[in-house]
Amino acid sequence: MIEPNEISKAYDPREVEARWYKIWSDRGYFEAQDQSDKPPFCIVIPPPNITGELHMGHAVFITLQDILTRWKRMSGFNTLWLPGTDHAGIATQMVVERDLKKTEQKSRHDLGREEFLRRVWAWKEKYGNRIVEQLKVMGASADWRRMRFTMDEGLSKAVREAFVRMYEEGLIYRAQRLINWCPRCYTALSDLEVEHEEKNGKLWHIAYPVKGSEQKLVVATTRPETMLGDTAVAVHPEDPRYKHLIGQKVVLPLLGREIPIIGDAELVSMEFGTGAVKVTPAHDFNDYATGQRHGLEMISILDLAAKANQNAGPYAGLDRYKCREKVVEDLEKQGLLVKIEDHKLSMGTCQRCGDVVEPLLSPQWFVKIAPLAEPAIKAVEEGRTRFIPEQWTNTYFGWMRNLHDWCISRQLWWGHQIPAWYCACGETVVSREDPAACPKCGGALKRDEDVLDTWFSSGLWPFSTLGWPEKTAALNTFYPTSVMETGHDIIFFWVARMMMFGIHFMKDVPFKNIYLHAMVRDERGEKMSKVKGNVIDPLDLVYGQPSAEKLAPDLKKKFPKGLPAYGADALRFTLTSLTAQGRDIKLSMDRVEGYRNFCNKIWNASRFVMMNLGEPSAVQARLAKPFKQQKLALADRWILARLNRAVTETLQALEAYKFNDAASVAYQFVWGELCDWYIELSKGSLYGQDEEAKAATRAVLCHVLDQALKLLHPLMPYITEEIWQKLPRRATEPESIMIAGYPKPEPSHEDEQAEREMALVIEAIEGIRTIRGESSIPPARKILAIIHAESEVRQALERHRQYIEPLAGLDDLVISAPGAKPRVSATVVSSRMEVFVPLEGVIDLAEEEKRIQKEIGRVDADLQLLTKKLANPNFAQKAPPEVVEKDRARVAELEQKKVKLLEGIARLKGEAQTEKIDVEAAVEGLSFEKAEPEAKVSIKAAGGEGGIDLGQEMKGELENLKLPAVPDANLVKQLDKLREGTKEGLSKTDHYDLGVAYMGMGLVDDAVREFNQAGVNAPEAMKGEAPAAKKAPAAKQAPAAKKAAPKKAAKATAAKKAPAAKRAAPKKAAKAPAAKKAPAAKKAAPKKAAKAPVAKKAPAKKVAAKKPVAKKSAASGKRR
RNA sequence: GGGCGGAUAGCUCAGGGGUAGAGCACUGGCCUUACAAGCCGGGGGUCGCAGGUUCGAAACCUGCUCCGCCCACCA
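Conventions we followed
Residues numbered from 1 in each chain as written. Chains lettered and ligands numbered in written order. Predicted model: local features only at pLDDT ≥ 70, side-chain atom pairs only at ≥ 80, totals over all residues. Heavy atoms only, no water. Helix = DSSP H or I, 4+ residues; strand = E, 2+ residues; numbered from the N terminus. Buried < 20%, exposed > 50% of the residue type's maximum accessible area, 1.4 Å probe, protein only. Pairing = 2+ DSSP bridges. Salt bridge = Lys/Arg side-chain N within 4 Å of Asp/Glu carboxyl O. Disulfide = S-S within 2.5 Å. Phe/Tyr/Trp six-rings, centres within 6.5 Å; stacked < 30°, edge-to-face > 60°. Lys NZ or Arg CZ within 6 Å of the ring centre and 35° of its normal. Core = buried A, V, L, I, M, F, W, Y, C linked by side-chain atoms within 4.5 Å. Contact = heavy atoms within 4.5 Å.

S.K.: Before we move on, could you go through unusual backbone geometry and cite the residues and values that matter?
M.R.: Residue Pro389 follows Ile388 across a cis peptide bond; omega there is -5°. Inspection of the secondary structure puts Pro389 in the loop between strand S15 (386–388) and helix H11 (392–400). Here the bond from Tyr479 into Pro480 is cis, since omega is -5°, no more than 30 degrees from zero. Note that Pro480 resides in the loop between helix H14 (473–478) and strand S22 (481–487). With a phi angle near 50°, Gln105 is a residue other than glycine that sits in the positive phi range. Structurally, the position occupied by Gln105 is in the loop between helix H3 (89–104) and helix H4 (108–111). Of note in the backbone geometry, Ser776 takes a positive phi value of approximately 55° without being a glycine. Residue position: Ser776 is located in the loop between helix H25 (752–774) and strand S26 (783–788).

Right, here's the structure in full:
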């Protein structure tokens, strides 16, 4: 037995989290087997850059992948989560260069390639693992033994093999092409590495003199300096303005070159600009294509530094922007600048450094995409690889079907150097081994200095990390991998390329499922960025950040005193909860805090359990036996059944990658059911004298907590392990929760009956609590509550009254058949029971009335809606019968409820007796006559005025019955038959007569039901008092009636006219139209009432037997 | 210019033809022996707008308006 103060009251993640990771790791729990009898499950990590520092994006993927990994591991898979890092060519080189500049004021060229690379490696050794350590903080259960780096020996070999093989296959080639060039990073870029930004620019209109003519051809351009490289002017071949010029020449201003006028329908649109386009094939992708079509000369006028070269004549040496200024200035001087317009244009910028990218002509290496893309598209079409969420499938197709060849060479030093050598004789050698000399001429070879695009090596990742090109056991076991989990921002960069390479080299898709998670944004939905100052550092959340100064500005504002340590579990759970498919994650600090509190809740619930388990060995002995062989209390059976549902639903969610559903099911179960109900209910047995019951409850508590912890473990690994270690457990359990079995549905724990009965217990407790809460009755004050219910419900409540009394704060509970009701009481009504708290002087009468009025308002709203719906002939005709039936039943239910509520108000005022006529009138008026014309139809259907009147017949029958004081089975059968046989046709009078008959036999429940259906105040009738209708003329009817009934009634009409006021207005509702006639009262006036024997069953305190009565309950289970 | 998401409570988000949900925030009552990071109540929504399909639409269809993202070579 653990004493209360043995475990701290508040959960402190710092201490706990620091401890466990090392233990797990040391014990080898993270490790997968190359060969195993278990089915394989494999995820390869999206390798973070070695320059990276943990950000929310990492936190998300670590969390999701770790959830999958831990879940599968616990479910008996040979689970490999393969970690690694990426050398991140440009990014890393830039970081080290910056560093070099800062510390030694040197450029990489000052050091030379070899020395510089040595420095980068040194930097990598020093800092490259930082990100890895941070991933571990999040709890990542990756197999670190297998950690790979894209530049390590094995992967380098794979890269070289892939390159050479594709070269040999003709899938890699070198060519002079127009490529994207970043003059700052000084390298070629792939299309993907260029970001397009919409910017405000200008459109310059320049006049080009037509040769041998006074005419000038005006072209429009956004980049005037490129005119220096123009090799044609294009017009639309159909353009009447220019058609005749095609084939002639213009004189290029400033340089004086003569260039042709060509017709090109593809490049030129007649509507845009002037309808004439200057063509610069060496500096624009469109123009490049045009040049190809027309065999135009290509003149580069910019060098790699984006400075004008010798081709630019007098402008040579000028930077591209200076050059532009000068060109514009000179054109203007020559009067050739026609006009300048503002113009929006999209400019390509370097993903890495943001500089404007320059399309330049340059010899580069390319991957031929078409032959690779085709099978990669097919694989997805055939469903061999599936995108989740599905919507990404189209994005993938769209891109894959529209691909240009991939430029893979980069003019960097840090990366995989291209295995190509050139000889002066013109020979190119591409080889797996470094060649000694030119195989053709024996001359000296010079190696290509360029390196490969980082994404080239990343594309090989799913198999290179498993040992390819060697045929390793790991490769055999784990390829294809199970899931690729990554952000949708790299679907093209990475996912698509893995698909292409995987299929090409491995003859099989690299992964069966691709789960693309959302991007993390701040709580306003904006991208997190340092510039915006809205970055939230995951580590600050995990460890806390006492210094507000170190927080980003937005956070600082909100947390001027710094951040507390929420812990990795809370962060993981938050991210999991917010990861709904297809939506960005807006990270809300309130959520983080809420889930930190959840951790604390789990912690304290566990403390409770451990403080109350008694001897561990006794619990263990109990746990060894299946629960179905034990005698369990309702609460025990209930929580096992609920657990079972939670397990089933969590598994479903995980299977479907609905992480947020998994989180919310588990949360709801633990907090809403285990803590809020079971723990509270268990106290009775734990603190009680029944040793057998106590032992059973202890075992159930222990089992349920064990299962809940396991269920949660993949989501919150640390806290679950910490607690689980302290829990007594079955002898068959391993020594860590992370290698224990994941919960499975247990059919023997299903128990719908327990769920139904508990639902009743909960309903009763909540009903009483509502009254207590509304009337502000302090919890310490014990009160009396009375519950009226029909027999099955009543019996169930009776059996479990020991649960109700303590949880509702009662010192007395009366459960009885509907009968005389307490005079002044608060009431809560449901379809299954009526709860009263008769506490004069305790209940705030005014408040209580307000509350009931409000409730009535809600009932009325529903009623009106339903009545209207039912009145629509089409509904009854076309809707499924069960839906119609359901609605009918609901109308009946609501009407009853309303009657009871109105009675409740009357009783509050001590005016119950005089109330009854009004009650009925109100019902009639409100739900029927009040509403639309079609409401008449519904009353017919329900068996009212228009229904078949069986009254005569029934009366005849009834009068012939001799009613004994004790029910006679045959008679009852007859009556029931009579009633059921004419169900749809009974009038209110019929109901009333039936009520009298039942009552005569002492069948109070049945009598009350009939009275209720007759719209009569049952208790009054039962007491045999003269009906109020006789004493009180309708006009005069008790003041209370006027207040109570009309409110609602008026609303129905008022709502129509004054929608704006509808919510606020009810108070002033006009008079109840219903009050005017009270026709029902007349009908109800019972001739036989006087005869009726007084009900014997007036509720006496605790009349009902306490011993359980085995009888099924009609109530249905409900989930809170 | 195409494509894809989104718009539901004050906030962050689930839901997906048949009675509008959660957490947080708000509010009333409680230091009740697991937990004040808590317990027990309560209030709060024309489900972006307009049409359509349907007996019935927040959900399905069409159009529109905003917001976000992706793709694209219109000078």
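Additional details are given in the paragraphs that follow.
S.K.: Any details on the pairing of strand S14 (residues 358–367)? Residues and values, ideally.
M.R.: Extensive coverage of S14 is indicated by the burial of 9 of its 10 residues. Note that strand S5 (residues 172–182) and S14 share 10 bridges and pair antiparallel. Along S14, the bridge assignment pairs Arg177 with Ser362.

S.K.: Explain the pattern of salt bridges to me, using residue names and the numbers behind them.
M.R.: One pass over the structure, following the stated rule, counts 67 salt bridges. With a closest N to O distance of 3.1 Å, Glu382 and Arg384 form a salt bridge. Judged by its relative accessible area of 48%, Glu382 falls in the partly exposed class. Connected through shared salt-bridge partners, Arg223, Glu225, Arg320, Arg324, Asp355 and Glu358 make up one network.

S.K.: Requested: an account of the state of the cysteines, with residues and values cited.
M.R.: Note: disulfide means a covalent bond formed between the sulfur atoms of two cysteine side chains. Inspection of the entire model under this criterion finds 0 disulfides. Between Cys441, a cysteine without a disulfide, and Cys423, which holds the nearest cysteine sulfur, the sulfur-to-sulfur distance is 3.2 Å. As a non-bridged cysteine, Cys599 has Cys675 as the owner of its nearest cysteine sulfur, 12 Å distant.

S.K.: With reference to specific residues and values, describe helix H26 (residues 791–799).
M.R.: Within H26, 7 of the 9 residues are buried, leaving the element largely enclosed by the surrounding structure. Regarding H26, the residues found buried are Val793, Arg794, Gln795, Ala796, Leu797, Glu798 and Arg799.

S.K.: Please set out the packing of aromatic side chains residue by residue, giving values where relevant.
M.R.: As enumerated under the stated definition, the model contains 37 aromatic pairs in all. Centroid distance Phe387 to Tyr396: 5.0 Å. Interplanar angle 50°. Geometry classified as tilted. With 5.2 Å between their ring centres and 65° between their planes, Phe456 and Phe501 make a pair best called edge-to-face. Here the residue Phe456 occupies a position in helix H12 (residues 454–459), and Phe501 occupies one in helix H15 (residues 491–506), the gap between them amounting to 45 residues. Neither residue differs from the other here; Phe456 and Phe501 are each classed as buried. Here the aromatic cluster, defined as three or more aromatic residues joined through ring pairs, consists of Phe163, Tyr167, Trp365, Trp406, Phe456, Phe463, Trp468, Tyr479, Phe501 and Phe505. The cationic tip of Arg729 hangs over the ring face of Trp724; the distance from NZ or CZ to the ring centre is 4.1 Å.

S.K.: How would you explain the nonpolar core if you had to name every residue and give the values?
M.R.: Residues Tyr396, Phe456 and Ile804 are the most contacted members of the largest nonpolar core, which totals 212 residues. No other element matches the 14 residues that helix H22 (residues 659–686) contributes to this core. In this structure Tyr396 touches Ala376, Ile377, Val380, Phe387, Ile491, Ala496 and Met499, once residues within four positions along its chain are discounted. Listed in part, the 38 residues of the second largest apolar core include Val233, Ile301, Val327 and Leu336.

These results come straight from atomic positions and should not be treated as a statement about function.
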